[in-house]
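# Chain and residue survey
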Amino acid sequence: MQSKWWKILGILLILYSIIGGLLFPVPQLNILNETIRNLYFHVTMWFSMIFLMLFSMIQSIRFLNGFDKTKDTKAEAFASTGMFMGLLGLLTGMVWAQFTWGTFWVNDPKLNGTAVTMLIYLAYFILRNSIENEDSRARVSAIYNILAFVMMIVFIGILPRMTDSLHPGNGGNPAFGNYDLNSNMRMVFYPAVIGWILIGVWVAQLRYRIKTLEINKENS
Amino acid sequence: MKSLLGSIFCCMFFMNSASAQAVEMADVMRSNGKIYVVVAVIAVIFIGLAIYLFGIDQRVKKLEE
C-alpha cells in the first residue's frame, strides 16, 4: 500500500466524475432537475463511509486475533476518516434536501438512521478517549467497533428499506436501476464510488502513519 | 478512462466549430451557459487539494525515514 499508483487512480477517477458528472447527459426529471447530478457527489460519500467503516471493523477483528496494536491504530484511522466522509454526506444531503424536499431535515428513516449512526460512532471515539489503560482501550474499542458497524448496517441499510422513505430504493420507491440511474449515470457513478473509496483509504493511511509517528515519539 | 476524456474534449471542439459562424466570438468556455467555467473551477480546486495531499504524504514519508 506504499505505492503511488492507486492514489493517482483515485484522483483521476474523481476528476473524471467531476467533469463527466457535470457535463454528461442525465435523465430529465421533475423536482430533481439538474440536482440529479448530486448523485455522483453526495451518494459517493456514503459509499466511501460504509467501505471505510467496513475496513475499520476488519482491522478491529484482526486486532482481536492476536492483539497487534498497529491494527487498533488502523481501525481508529479508518473510522475517523469514515466519520468525516459521513459528515460530508450529511451536509451535502441537507443542501440537496432543502431544494428538492423543501427542508434541510425531514423525518425520513434514512436521515434519522444516519444521525443515530453518527452518534454511535461518536460514542466509539468518546469510548476510546475515556479509557486510560492502552491495552483495555484497544480491546474494548475493537469490540465496540464491531457492534457499531453492525448497527450502522441496520440503521442505514435495513430499517429504511422496511418503512416509507423519500430515498430511492427504500419503502417502495424505485431503486437504482430503474429510471433514476440509467446506463449513462452508471458510467460516472461507479468510477466515482471507487475513486472516493481510494481517496478515503489514502487519507486514513496518512492519519495512521502520523499517529504511528506520534506513538513512536512518545515511546522513545 | 483516457478515451472518455478524449471524447469530452472532442465534444468541446465540435461545439466550438458549430458556434464559429455566430458574430460573437464564442469559444468553448463561454458556451452552454458557461458551465465549463464551473467545471474548470471545481477541477482546479480538486487538483489543488490532490497536490496538497501528495505534499502531506511526502512530509510524512520524510518523517518516517
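Here's what I pulled together on the structure shown here. Just so we're clear, the structure is a prediction, and the values are computed from it rather than from any experiment.

Right, let's talk about the overall build of chain B for a bit. Summing up its helical and strand segments, chain B has two helices and zero strands in all. A total of 65 residues make up chain B; the buried ones form 20% of that total. Working note: accessible area of chain B is about 5,000 Å², and carbon and sulfur atoms make up 70% of it.

Looking now at the interface of chain B and chain A. Every contact between the two is made by 21 residues of chain B and, on the other side, 22 residues of chain A. Roughly 2,100 Å² is buried in total at the junction of chain B and chain A, and carbon and sulfur atoms are behind 86% of that figure. The tally of links from chain B across to chain A stands at three salt bridges. The partner of Lys7 of chain A in a salt bridge is Asp57 of chain B, and the shortest N-O contact between them spans 2.9 Å. Counting across the interface, chain B meets chain A through four residue pairs in polar contact (both at pLDDT 80 or more). The leading source of residues in the side of chain B that touches chain A is helix α2 (residues 35-64) of chain B, at 17 residues. Here the residues of the side of chain B that touches chain A are counted per class, giving 17 nonpolar, one polar and three charged.

Further remarks concern the environment of Pro25 of chain A. Relative to the helices and strands, Pro25 of chain A is located in the loop between α1 (5-23) and α2 (42-64). Between the alpha carbons of Pro25 of chain A and Arg37 of chain A there is a distance of 9.6 Å; along the sequence they are 12 residues apart.

Another aspect to go through is the pattern of salt bridges. Taken as a whole and judged by the stated rule, the model has nine salt bridges over all chains. Residue Glu134 of chain A pairs with Lys69 of chain A through a salt bridge whose shortest N-O separation is 3.9 Å. Taken as a pair, Glu134 of chain A in helix α5 (residues 134-162) and Lys69 of chain A in helix α3 (residues 69-100) lie far apart in primary sequence, 65 residues in all. Accessibility expressed as a relative area gives 34% for Lys69 of chain A, which makes it partly exposed. Ionic contacts of the salt-bridge type, sharing partners, join the residues Lys7 and Arg209 of chain A together with Asp57 and Glu64 of chain B into one network.

Residues and elements named next belong to chain A. At their nearest, the axes of α2 and α5 sit 9 Å apart, and the two run at 145° to each other. Regarding α2 and α5, the two cross each other, and that crossing is left-handed. Along its contact with α2, which presents Met49, Ile50, Met53, Leu54, Ser56, Met57, Ser60, Ile61, Phe63 and Leu64, the element α5 presents Ala138, Arg139, Ala142, Ile143, Asn145, Ile146, Phe149, Met152 and Ile156. Class assignment of the residues belonging to the contact of α2 with α5 gives a composition of 15 nonpolar, three polar and one charged.

In this section: α3 of chain A. Spanning 32 residues, α3 of chain A covers 46 Å between terminal C-alpha atoms, matching the ideal 46 Å at 1.5 Å per step. Trailing α3 of chain A by a residue or two, Gly102 of chain A shows a phi angle of about 105°, which is positive.

All names here are of chain A. With respect to the helices, strands and loops of the structure, Gln59 is situated in helix α2. Judged by its relative accessible area of 9%, Gln59 falls in the buried class. Leave out the neighbours within four places in its chain, and Gln59 touches Lys71, Lys74, Ala75 and Phe78.

We now examine the nonpolar core. In terms of nonpolar packing, the biggest core is built from 55 residues, with Met53 and Trp202 of chain A touching the most fellow members. For this core, the secondary-structure elements that each account for two or more residues are α1, α2, α3, α4 (109-130), α5 and α6 (183-219) of chain A together with α2 of chain B. Considering each element in turn, this core owes the most residues, 12 residues, to α6 of chain A. The contact partners of Trp202 of chain A, leaving out residues within four places of it in the chain, are Trp6, Lys7 and Ile11 of chain A together with Ala50, Leu53, Phe54 and Asp57 of chain B.

Glancing now at the packing of aromatic side chains. Aromatic ring pairs are defined here through the distance separating the ring centres and the angle between the ring planes. Residues and elements named next belong to chain A. Throughout the structure, instances matching the rule amount to 11 aromatic pairs over all chains. Centre to centre, the rings of Phe47 and Phe189 are 5.5 Å apart; their planes meet at 90°, and the pair counts as edge-to-face. Placement of Phe47 in helix α2 and of Phe189 in helix α6 is noted, with a sequence separation of 142 residues between them. Residue Phe189 is classed as buried on the basis of its relative accessible area of 0%. Ring-pair connections join several aromatic residues into one group, and the members of that group are Phe47, Phe189 and Tyr190. For the cation-ring pair, Lys74 lies above Tyr208, with the distance from its terminal atom to the ring centre recorded as 5.4 Å. Directly above the aromatic system of Phe67 lies the positively charged group of Arg139, at a separation of 4.0 Å from the ring centroid.

Calculation rules
- Residues numbered from 1 in each chain as written.
- Chains lettered and ligands numbered in written order.
- Predicted model: local features only at pLDDT ≥ 70, side-chain atom pairs only at ≥ 80, totals over all residues.
- Heavy atoms only, no water.
- Helix = DSSP H or I, 4+ residues; strand = E, 2+ residues; numbered from the N terminus.
- Buried < 20%, exposed > 50% of the residue type's maximum accessible area, 1.4 Å probe, protein only.
- Areas by Shrake-Rupley, 256 points an atom, 1.4 Å probe, with all protein chains shown as cover.
- Contact = heavy atoms within 4.5 Å.
- Buried area = accessible area lost by both parts, 1.4 Å probe.
- Salt bridge = Lys/Arg side-chain N within 4 Å of Asp/Glu carboxyl O.
- Polar contact = N/O pair within 3.5 Å; in protein donor to acceptor, adjacent residues only side chain to side chain.
- Nonpolar A, V, L, I, M, F, W, Y, C, P; charged D, E, K, R; others polar.
- Axes fitted to C-alpha atoms, helices over the stretch in contact; angles between N-to-C directions.
- Left-handed = near helix turned anticlockwise from the far one by under 90°.
- Expected span 1.5 Å × (residues − 1).
- Core = buried A, V, L, I, M, F, W, Y, C linked by side-chain atoms within 4.5 Å.
- Phe/Tyr/Trp six-rings, centres within 6.5 Å; stacked < 30°, edge-to-face > 60°.
- Lys NZ or Arg CZ within 6 Å of the ring centre and 35° of its normal.

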